[in-house]
Amino acid sequence: MESHTKKKFYGFHTFAEPGFPVSLSGAFRDNMRQFLQQCAEPEDYDIEGMPIWCTFLVYENRGTVLPLYTVEENVKHSDSPFCDYCRCAGWSHHFVSKRKYHLIIPANDEWNNPLDEGAFDIQTHLLHGLIHCNGYGHLICINGIEGGSKFICGREIMDLWDRICTTLHVRRISVEDLSRKHEMDLRLLYGVAYGHSWFGKWGYRFCHGSFGVKEHNYERAMDILSSLDLDQVIDDFSLTKGCTLIKQMIDRYRDMSDTNLRLIQIHAYSKNQTFNRKYSASSVMSRSLSRYRTALQRCSLKFPTRLSLKNNYPLGKETPAKCRKFSNLAANLDSRWPVRRLEHVAEVIVEALKEKRARNNVGSCGMTRQEARDAARLHIGDTGLIDHVLKVMNNVIAGNYIIRRAVNRSTKILEYTIQDIKGGKEFSCSKIPDSIQVLIMGPGRSVSEDVVYLYRNVLVGYPESDSVKFAVQMVLHSKHFVKEWPFRDEDDDSLRFVCRLATSSIDLNSDISRDFPPGEYVIVPLYATLGDLKIAVQNAMRDTYCVTENLQVMEILGMEGVRDEEVLFGLIESGKEIWVRGCGLDLENDLKYEGGAENWTVRCKCGARDDDGERMVACDICETWQHTRCGGIEDAEAVPRLFVCDSCCSSLAPEETRFGFTCNYDSYEAPVLLPNMLEVDMGMMYSE
């Protein structure tokens, strides 16, 4: 009888915890091989010749099995041997690693399908991380509930990713934080509230900013925003239209808190206790809401009828029709499609209605049948399935929303609309502007609406304050973060070293502007000899980088007079950094640096000296690169066929005549001015 390998399944929330399912103590390049051998199974297909392994994870709460794919990319056979992510992270000077490992959890609907050839470019994966065999890597995308995941939230995916990185002993992971929620940039919202980005909860810290923003600019900006005094905020907004709302909002949350809320930052007044106390004041919020509803029913608000709080049901009925949960309805339908597929279509339609509601500032947020059908077809190819679900989508509950079908009084067209049922109260789906919605409901009625209102009006729209304005720009221009796992010298029977190539081994005559590549982790037995260490370093370098494939280690600096037979124990302290000298580097190899073979220069007037991921243009005279925005070219504008930087313009034409053509940037207020202006403004506010 033919034997079959039994598949291994691991718990989603416990996988890669210390010692489970495997304990690894080597360098990343060796740990990854061991991980694939013990915790993954090879797939019977590949992607353009790249082998694939799969680890099966069980999401315990639902009993659902999901795949974690690992794809090994050999750069010698790759169409993209260089790494744009390294370039944007400031790692252009790293030697090109021989192998890249892609760790991917596809979107829910793709769990039972093989990876296709475009898997590396898809942005809808729940998780996509890339790690070079030298231990440096990049978190490319995380998609939780807001990003399309059906039940796994972003925090759970990040926890899994962080555990995997720790188990494999990665060295550094970069991430470009573009996360948004309810049209708010989370790096700004979390930065003000907690003092770090959303990724900061897992130890990711500032790496570098765009447009010349440095770490001290970022930290100073965070200090200004997190130190906003609430009383000062009320005073600064006293002459604005939103002064009453903001004061009511601040007073409401102060009343609900057991502590004195003085600053805008959460941890400035006891990070954990205050946050918990605010939400433990549910009874206070409940009584407040009851009083607000009673008062609103008795008073006559001077707003259009469509903005009133009473339930305006689409067909003008005095009482709503009875609603059923869609899951129960789908289970009783005589349908050729399984219930889970019907529920998925309903979820897609709900998301489309939510997006329509978010886009509309005024008027109806409803969608016609054709609009709903077209929106669903972006995610689902079976039009018969879509039509079947739309047919029964009336007075049904999906998640925390009620979906109704009714005739729009203005257009006389049948529309699908959505209503919130959170908290047991339904509201009309007509999109109400922030200020009116908060005023109608009252501050404290919806924490999420209050946060959105404060974000848009206090942080982004602070009146007549250059320091707040520039600080916000500093934070928004700080997108690149990195987490470092420090080198650890384990307490075992091994010696560990960080080994670096001495400058004489590298021809830096043409690369004097580059930093030195990082060293490699090397592990040898406790009683290894000096000769064993040379061989270990040589093998590690050959296994990791393209240019060191034929490296021969000749000597270790500082130990030139020691024989190769000498035992290392007692000679070199474990955990130290050592420098080696050798020969055989392939300096003519095109696969030399991760930043690519071209030796190009960035010199922008914002202070940027390297690629930061923003759009750039090269001067056609001096061939140096600078940001298009700093050169007066708006993001929506196309780059001109001929571009001359400001410095070259000055050298080509006298200053009194050069203002007649495209070299005039003096009237353009580019982001390049922000760091210096922030320094000046903050210097007046803070005495150092």
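Thresholds applied
- Residues numbered from 1 in each chain as written.
- Predicted model: local features only at pLDDT ≥ 70, side-chain atom pairs only at ≥ 80, totals over all residues.
- Heavy atoms only, no water.
- Helix = DSSP H or I, 4+ residues; strand = E, 2+ residues; numbered from the N terminus.
- Buried < 20%, exposed > 50% of the residue type's maximum accessible area, 1.4 Å probe, protein only.
- Contact = heavy atoms within 4.5 Å.
- Areas by Shrake-Rupley, 256 points an atom, 1.4 Å probe, with all protein chains shown as cover.
- Pairing = 2+ DSSP bridges.
- Axes fitted to C-alpha atoms, helices over the stretch in contact; angles between N-to-C directions.
- Phe/Tyr/Trp six-rings, centres within 6.5 Å; stacked < 30°, edge-to-face > 60°.
- Lys NZ or Arg CZ within 6 Å of the ring centre and 35° of its normal.
- Expected span 1.5 Å × (residues − 1).
- Core = buried A, V, L, I, M, F, W, Y, C linked by side-chain atoms within 4.5 Å.
- Salt bridge = Lys/Arg side-chain N within 4 Å of Asp/Glu carboxyl O.
- Parallel < 35°, antiparallel > 145°, perpendicular 65-115°, else oblique.
- Nonpolar A, V, L, I, M, F, W, Y, C, P; charged D, E, K, R; others polar.
- Patch = residues over 30% accessible without salt bridge, like charges linked within 9 Å, V, L, I, M, F, W, Y side chains within 5 Å.
- Lys, Arg positive; Asp, Glu negative; His and termini not counted.
- Charge placed at Lys NZ, Arg CZ, Asp CG, Glu CD.
- Right-handed = clockwise from strand over helix to strand, strands pointing away.
- Left-handed = near helix turned anticlockwise from the far one by under 90°.

What should I look at first to understand the overall build of the protein in this one?
The helix and strand inventory of the protein stands at 19 helices and 23 strands. By residue count, 49% of the 688 residues in the protein fall in the buried class. Once local pairs closer than 6 in sequence are excluded, the contacts in the protein between residues at least 24 apart make up 67%. For the protein, the accessible area works out to roughly 34900 Å², and carbon and sulfur atoms hold 48% of it.

I'm lost on the sheet that holds strand S21 (residues 577-583) in this one. Help?
Sheets are built from strands paired through backbone hydrogen bonds, the pairs being either parallel or antiparallel. With mixed pairing, 4 strands are arranged side by side in an open sheet as S19-S18-S21-S20. Each edge of the sheet is formed by a strand with only one pairing partner; in this case those strands are strand S19 (520-525) and strand S20 (552-556). Sheet twist, expressed as the average angle between the axes of neighbouring strands with direction ignored, equals 45°. The sheet contact formed by strand S18 (residues 494-501) and S21 spans 4 bridges and is parallel. Its bridge partner lying in S21, Arg500 is registered against Trp579. Each of S18, S19, S20 and S21 is contacted by helix H17 (residues 530-544), which is oriented at about 135° to S20, the strand it contacts most.

Explanation requested: the packing of aromatic side chains in the structure shown.
Enumeration over the complete set of coordinates arrives at 20 aromatic pairs. Grouping aromatic residues by their ring pairs yields a cluster made of Tyr10, Phe15, Phe20 and Phe35. Over the ring of Tyr521 we find Arg171; its NZ or CZ atom is 4.2 Å from the centre of that ring.

Sorry if this is basic, but what is going on with helix H11 (residues 339-359) here?
Every α-helical turn comprises 3.6 residues, leaving residues that sit three or four positions apart pointing alike. The terminal C-alpha atoms of H11 lie 31 Å apart, and with 21 residues this matches the ideal 30 Å at 1.5 Å per residue to within 8%. Those residues of H11 not exposed but buried are Leu342, His344, Val345, Ala346, Val348, Ile349, Val350, Ala352, Leu353, Lys356 and Arg357.

Just checking my understanding: could you explain the nonpolar core for this structure?
Side chains of a nonpolar character, in soluble globular proteins, are inclined to be buried together. Counting residues in each nonpolar core, the largest one holds 82 residues, and the members touching the most others are Trp161 and Tyr204. Looking at this core element by element, the count peaks at 7 residues for helix H3 (residues 154-168). Among the nonpolar cores identified, the runner-up in size contains 29 residues, and Phe326, Val345, Ala372 and Leu390 belong to it.

Help me understand the pattern of salt bridges in this model?
A side chain with one charge can pair with a side chain of the opposite charge if their charged atoms come near. Within the structure shown, the criterion is met by 31 salt bridges. In this structure, Asp611 and Arg87 form a salt bridge, with 1.7 Å as the shortest nitrogen-oxygen distance. Separated by 524 residues along the polypeptide, Asp611 in the loop between S21 and strand S22 (616-618) and Arg87 in helix H2 (residues 84-89) bring together distant segments of the chain. The same class applies to Asp611 as to Arg87, namely buried.

I keep staring at the sheet that holds strand S13 (residues 367-368) and nothing clicks. Help me out?
The strand order across the open sheet built from 5 strands is S12-S14-S15-S16-S13, with neighbouring strands paired in mixed fashion. Of all strands in the sheet, those with a lone pairing partner are strand S12 (324-325) and S13, marking the two edges. H11 rests against S13, strand S14 (396-398), strand S15 (401-407) and strand S16 (414-420) of the sheet, and its axis sits at about 85° to S16.

Can you walk me through the packing of helix H4 (residues 186-194) against helix H15 (residues 447-459) in this structure?
Two quantities define a packed helix pair, namely the angle between the helix axes and the distance between the axes. The contact between H4 and H15 brings their axes to 12 Å, and the two run at 90°. When the interaxial angle is binned, H4 and H15 end up roughly perpendicular. When H4 is examined against H15, the residues Leu188, Leu189 and Val192 are found in contact with a partner set consisting of Val451, Tyr455 and Leu459. Split by residue class, the contact of H4 with H15 holds 6 nonpolar, no polar and no charged.

Would you mind showing me how to read a negative patch on the surface here?
Residues Glu48, Asp79, Glu110, Asp116 and Glu117 make up a contiguous surface patch of negative charge. With respect to the element layout, Glu48 can be found in the loop between strand S2 (41-47) and strand S3 (50-59).

Hey, could you run me through the pairing of strand S8 (residues 172-176) in this one?
Sheet faces and side chains relate simply in a regular strand, where the side chains alternate between the two faces. Of the pairings in the sheet, the one linking strand S7 (residues 136-142) to S8 comprises 4 bridges and is parallel in character. Along S8, the bridge assignment pairs His138 with Ser174. Running through H3, the crossover from S7 to the neighbouring parallel element S8 is right-handed. Two elements, S8 and strand S17 (residues 480-484), share 5 bridges in a ladder whose sense is antiparallel. Across the sheet, the residue bridging to Val175 is Phe481, located in S17.

Looking at this model, I keep getting lost on helix H16 (residues 466-476). Mind explaining?
When you tally the buried positions in H16, you get 8 out of 11 residues, the bulk of the element. Among all positions in H16, only Ser467, Val468, Phe470, Ala471, Val472, Met474, Val475 and Leu476 are buried.

Whenever I open this one, a nonpolar patch on the surface confuses me. Can you help?
The grouping of Tyr527, Val567 and Phe569 at the surface amounts to a nonpolar patch, some 340 Å² of accessible area in total. Mapped onto the fold, Val567 is located in the loop between S20 and S21. For Val567, a relative accessible area of 36% translates into the label partly exposed.

Can you help me understand the pairing of strand S6 (residues 127-132) in this one?
The element S6 is largely enclosed, with a buried count of 6 among its 6 residues. Burial along S6 is two-sided: Leu127, Gly129 and Ile131 and His128, Leu130 and His132, pointing in opposite directions, are all buried. Of the pairings in the sheet, the one linking strand S5 (residues 99-105) to S6 comprises 6 bridges and is antiparallel in character. Looking across to S6, one finds that Ile104 is bridged to His128. Sheet analysis places S6 next to S7, joined by 5 bridges and oriented antiparallel. Note that in S7 the partner of His128 across the bridge is Cys141. Where S6 folds back on S7, the antiparallel hairpin that results is connected by 3 residues, among which Gly135 adopts a positive phi of roughly 95°.

Can you walk me through the packing of helix H12 (residues 369-377) against helix H13 (residues 383-392) in this structure?
Contact pair H12 / H13: the axes reach a minimum separation of 10 Å and the direction vectors enclose 135°. Taken together, the axes of H12 and H13 lie oblique to each other. The hand of the H12/H13 crossing is right-handed. On H13, the residues touching Arg369, Ala372, Arg373, Ala376 and Arg377 of H12 are Thr383, Ile386, Asp387, Leu390 and Lys391. Classifying every residue of the contact of H12 with H13 gives 4 nonpolar, 1 polar and 5 charged.

Remember, this is a structural readout, not a statement about activity or role.
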